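Chain and residue survey
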Amino acid sequence: MSGGSVSTTYLELSQDDGTAHKFYEVTVDALVVTVRYGRIGASGQTQVTAFPSADKARAAAAKKVGEKVRKGYAPAVPGQRAPRAVTRRQVTSAPSTARAVAPVLWRFGTGSAAFGIHVDDEHCWVGNQAGDVYTLGHDGQVLARFNLPDGVKCLVADDFWIYAGCDDGKVYDLSSKLPFAAYDIAADVDIFWLDIHEGVLDVSDRDGKLTVIDHEDEHQWSRRSQGDHAWMVRADDRAVYHGHQRGVTAYAPDGGGELWHTPTRGGVLFGWQEDDTVYAGTAHRVVQRLSKASGAIEATYACDSAVYACATSPGGRFVFAGDAASSVYCFDQDGTRLWKLGTGGGSALSMQYRDERLYLVTTDGSLVCVDASEAAVSAAQQGTVPVARDVKLAEALPAYAPATTASAVTAVAQAPTGSIVVQCVQDSGRLRVHVVSGGYDSSWNVQFPRAIREPGARYVVDALHPAAGGFYRVRGDIRRLL
């Protein structure tokens, strides 16, 4: 405890088996109680609650501390215990055995091994182990850069929202110029991969556990699968598909139980989904296509080395794979290998196909755009490839970092025409965000960054979109209303 009118209690829970490594801090300042919690070594998540009297504030704080102590938390000194180790994917990359090199149109070096990729109608996104996320045009022009606090595990999209899962245990929303932490994963979850569907976050981890978290960053349910090292999770309306060392397991979206389990040929290293099928790339040199309805294996695509990444063209017409030997493959949907080419620069750790182009992120930290059209591949097999253009960073490239306090958000004196006002409100002991502007359901919560919530504070957003489950998601910039 500290002296004066402000008192702080700091607790930690760290278990030798690694199942918990987290802190809990309670600060009382007159009528306000601030709770900060998360994984040891990280800034954590903050909740602020105001009470009608100082006595009630102190009583609430004492109750919170007592609950944690009963769960095994103990007083500690911040900074004395080292942060829990985070698993960074260790991969090897051998030279390709392919006789020809892929027709690379352009290549962008990010400077660090890259796992995250997403390609949409407007942009290409790449995230690397240094915490950098870049957006590029389809022509390779670098448009913007996000500086995140830790290495990027993966990039996923949910409609037109883009999220980056990072080694600090947070999932950042990158859909506007001001990135913010939309989810803060529990300190005992060592993230391997994640997916987001209709605002619900699905996390697969080192121990083979699947954790499901709702749009308000509140834990919903979890399951431990038959195998560990779960590098795959994909989700849709019917199920969550979890790939691990023992195969692929499908669970009901509401946590109601296992729907099916299918052993795969080797541990799953990567996953992809289409409307009716999921694809699992494995350590035993294959991609296997499974029925979403039954889990039955419908086709197997044989590669020559462990499969680090896979993707398909729309509907699964063509299936692509990247292996540990710096090669990239294309198969017909029935499993017939159509071609194998060298990447020309490392093994593909993730990939995505769009409009006859195959985009790869590689072990050497490159985002690579390959011309996957039939004519270009045929020419490459005969030894004719385009001269790959090396994309350079613009000198005046805008860079954006996450806001961690309300004061870091741009303030405006009045709401611009056409914008929407939202307000932080107390709701059943939690600080929520509701819509103030007309034309919206004021009882619905708004998915909003916890780090900048303050009791009574108002913010201006460009747009709100309703989501399944009865909440709004922010689209565009966030500004603080004075």
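The coordinates are above.
Residues numbered from 1 in each chain as written. Predicted model: local features only at pLDDT ≥ 70, side-chain atom pairs only at ≥ 80, totals over all residues. Heavy atoms only, no water.

1. Topic: the overall build of the protein chain
Note the threshold: Under the DSSP-based scheme used, a helix requires at least four consecutive residues in state H or I and a strand at least two consecutive residues in state E, with every element numbered from the N terminus. C-alpha atoms define the radius of gyration in this analysis, and the globule rule sets the expected value at 2.2 Å times the number of residues to the power 0.38. Classification of residues uses two cut-offs on accessible area relative to the type maximum, computed with a 1.4 Å probe and protein chains only: under 20% is buried, over 50% is exposed, and between them is partly exposed. Any two residues whose heavy atoms approach within 4.5 Å are treated as being in contact. The accessible surface values rely on the Shrake-Rupley method and a 1.4 Å probe; as for residues, cover is taken only from the protein chains in view. For this count, His and the chain ends are skipped, Lys and Arg are scored as positive, and Asp and Glu as negative. Lysine's charge is taken at NZ, arginine's at CZ, aspartate's at CG and glutamate's at CD.
Counting its secondary structure elements, the protein chain contains two helices and 41 strands. Against the compact-globule benchmark of 23 Å for 482 residues, the protein chain has a radius of gyration of 24 Å, which places it among compact chains. Dimensions of the protein chain along its principal axes, counting C-alpha atoms only, are 80 × 50 × 45 Å. Per-residue burial for the protein chain yields a buried fraction of 56% across its 482 residues. Taking as baseline every contact in the protein chain between residues at least 6 positions apart, the subset at least 24 positions apart corresponds to 49%. Of the roughly 19800 Å² that the protein chain leaves accessible, carbon and sulfur atoms contribute 48%. Looking at charge distribution, the protein chain has the averaged site of its 47 positive side-chain charges lying 5 Å from that of its 55 negative ones.

2. Digging into the environment of Ser366
Convention followed: For this analysis, a polar contact is any N or O atom pair within 3.5 Å, provided that within protein one partner can donate a hydrogen and the other can accept it, and provided that sequence-adjacent residues contribute only side-chain to side-chain pairs.
As for its placement among the helices and strands, Ser366 is situated in strand E33 (residues 366–371). Here Ser366 falls in the buried class, since its relative accessible area comes to 5%. Once residues lying within four places of it in the same chain are set aside, the contact partners of Ser366 are Arg107, Phe108, Gly109, Leu360 and Val361. A distance of 2.9 Å separates a polar atom in the side chain of Ser366 from a polar atom in the side chain of Asp364.

3. Describing unusual backbone geometry
A positive phi is found at Asp159, a non-glycine position, where the angle reads about 60°. Structurally, Asp159 is set in the loop between strand E11 (152–158) and strand E12 (161–166). A positive phi angle, near 50°, is found at His229, a position not held by glycine. By the secondary structure assignment, His229 is in the loop between strand E18 (219–224) and strand E19 (232–235). Residue classification places His229 among the partly exposed residues on the basis of a relative accessible area of 28%.

4. Remarks on the pattern of salt bridges
Where charged atoms of side chains with opposite charge meet at close range, the side chains can pair. Stated precisely, the cut-off is as follows: Any Lys or Arg side-chain nitrogen located within 4 Å of an Asp or Glu carboxyl oxygen qualifies as a salt bridge.
Considering all chains together, one arrives at 17 salt bridges under this definition. Across the pair Asp167 and Lys153 runs a salt bridge whose closest N-O atoms are separated by 2.3 Å. With Asp167 in the loop between E12 and strand E13 (170–173) and Lys153 in strand E11, this residue pair connects regions lying 14 residues apart in the sequence. A salt bridge links Asp304 to Arg337; its shortest N-O distance comes to 3.1 Å. On the criterion of sequence distance, the pair formed by Asp304 in the loop between strand E26 (297–302) and strand E27 (307–312) and Arg337 in strand E30 (residues 337–342) is long-range, its members being 33 residues apart. In this structure Asp304 comes out as partly exposed when scored by relative accessible area, which is 42%. One network of salt bridges, with partners in common, ties together Asp236, Arg238, Asp276 and Lys292.

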